[in-house]
Amino acid sequence: MSRRIPWVEKYRPRKLSEVVDQEEAKKALLDWINSWEKGKPSKKSRNARWPSRDW
């Protein structure tokens, strides 16, 4: 029997360029990522509410 993958996982964007209509969120994410180049960022990620994908 094949494993069923939820559609949200099957069709989720794999690259930032695949994310559409989320320019503000993409900019915030890139700013946060780039802040790591200067050391540990002062702000935590906004993604803390997302569930982990440890199935």
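Residues numbered from 1 in each chain as written. Predicted model: local features only at pLDDT ≥ 70, side-chain atom pairs only at ≥ 80, totals over all residues. Heavy atoms only, no water.

Enquirer: What's the story with the packing of aromatic side chains in this structure? I'm lost.
Expert: Aromatic ring pairs are reported here in terms of the distance separating the ring centres and the angle at which the planes meet. Applying the stated criterion across every chain, the model contains 1 aromatic pair. Geometrically, the ring pair formed by Trp32 and Trp36 is edge-to-face, given 5.8 Å between the ring centres and 85° between the ring planes. Judged by relative accessible area, Trp36 falls into the partly exposed class, the value being 43%. (Phe/Tyr/Trp six-rings, centres within 6.5 Å; stacked < 30°, edge-to-face > 60°. Buried < 20%, exposed > 50% of the residue type's maximum accessible area, 1.4 Å probe, protein only.)

Enquirer: It is not clear to me how the pattern of salt bridges should be interpreted in this structure. Could you clarify?
Expert: Pairing is possible between side chains that carry opposite charge, provided their charged atoms lie close to one another. According to the stated counting rule, one finds 3 salt bridges in the structure shown. The salt bridge involving Glu9 is made with Arg12; its shortest N-O contact spans 3.2 Å. Residue class for Glu9 comes out buried when judged on its relative accessible area of 15%. Given a relative accessible area of 28%, Arg12 falls into the partly exposed group. Here Lys27 ties to Asp31 by a salt bridge, and the two come within 2.8 Å at their closest N and O atoms. (Salt bridge = Lys/Arg side-chain N within 4 Å of Asp/Glu carboxyl O.)

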